[in-house]
Amino acid sequence: MSEGVPTPQAPAVIDAPEQVTAAVRVEGFPAAQLPQLFDAVFTRLFPALGQAGVQPVGPALALYTRVPGETVDLEVGIPVDRVLEGTADLGALQLETGEEFALVAQSSSLPGGRIATAAHLGGYDGLGEAWQTFMGALAAQGTPPGTPFWEVYTTEPSPDMDPAALRTDLFTALQG
């Protein structure tokens, strides 16, 4: 990890401004199917934003509104240069289980204020452990995490890259 970059074992607390996003919100989504959701949203969202004249201003993200279990409630999106007016219908995602989720992009935001952050270097399969370490470190230093919490996919994945080279930044709003 680069010098000065907070890690899950040693997170940093920052004051961050609110960030406008364009995102698809889903509730009760099967956690095991998240890669399908991310693929569907990101392949459809960028063309829709272009048609709306809205420009991405940072890497893709996922914002969770509750602790994931078998299902998750989250927003999948990207920070943008302006509020997305209205909504953008990205169609539906049909899962192998027969469940169908409407993918509708709308304006949202990442919260500002006191935020804890850390960077995870490695594959997405290590994110669960990174989150546990991050949240545990915050609790141990007397900085109770709150909701929402989110991941920013700082390194854009590609099919031929080494997963160890992926960087995902973790963020959580703090209580109080």
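Up top you'll find the structure we're talking about.
In what follows, the accompanying structure is described.

What counts, and at which threshold
Residues numbered from 1 in each chain as written. Predicted model: local features only at pLDDT ≥ 70, side-chain atom pairs only at ≥ 80, totals over all residues. Heavy atoms only, no water. Salt bridge = Lys/Arg side-chain N within 4 Å of Asp/Glu carboxyl O. Buried < 20%, exposed > 50% of the residue type's maximum accessible area, 1.4 Å probe, protein only. Pairing = 2+ DSSP bridges. Helix = DSSP H or I, 4+ residues; strand = E, 2+ residues; numbered from the N terminus. Axes fitted to C-alpha atoms, helices over the stretch in contact; angles between N-to-C directions. Contact = heavy atoms within 4.5 Å.

Our focus in this paragraph is the pattern of salt bridges. This structure, assessed with the given rule, holds four salt bridges. Put simply, Arg 167 and Asp 169 hold a salt bridge, and the shortest N to O gap is 2.7 Å. On the basis of relative accessible area, Arg 167 is assigned to the partly exposed category, the value being 26%.

On to the sheet that holds strand S8 (residues 145-152). Taken in spatial order, the nine strands of this open sheet run S1-S7-S9-S8-S3-S4-S2-S6-S5, and their pairing is antiparallel. With partners counted over all chains shown, the strands left at the sheet margins are strand S1 (12-16) and strand S5 (87-94), one partner each. Each neighbouring strand pair of the sheet contributes to a mean axis angle of 30 degrees, computed without reference to strand direction. With five bridges joining them, S1 and strand S7 (residues 113-121) adopt antiparallel strand pairing. Across the sheet, residue Ala 16 finds its bridge partner in S7, namely Gly 113. Running at roughly 30 degrees to strand S4 (residues 71-79), helix H1 (residues 34-52) makes contact with strand S2 (19-30), strand S3 (61-64), S4, S5 and strand S6 (100-110) of the sheet. Those strands touched by helix H2 (residues 127-140) are S7, S8 and strand S9 (167-174), and its axis lies near 40 degrees from that of S9.

So, about the side chain of Thr 168. Residue placement: Thr 168 occurs in strand S9. For Thr 168, a relative accessible area of 0% translates into the label buried. Discounting chain neighbours no more than four positions away, the residues touching Thr 168 are Ala 118, Ala 119, His 120, Tyr 124, Leu 127, Glu 151, Val 152, Tyr 153 and Thr 154.

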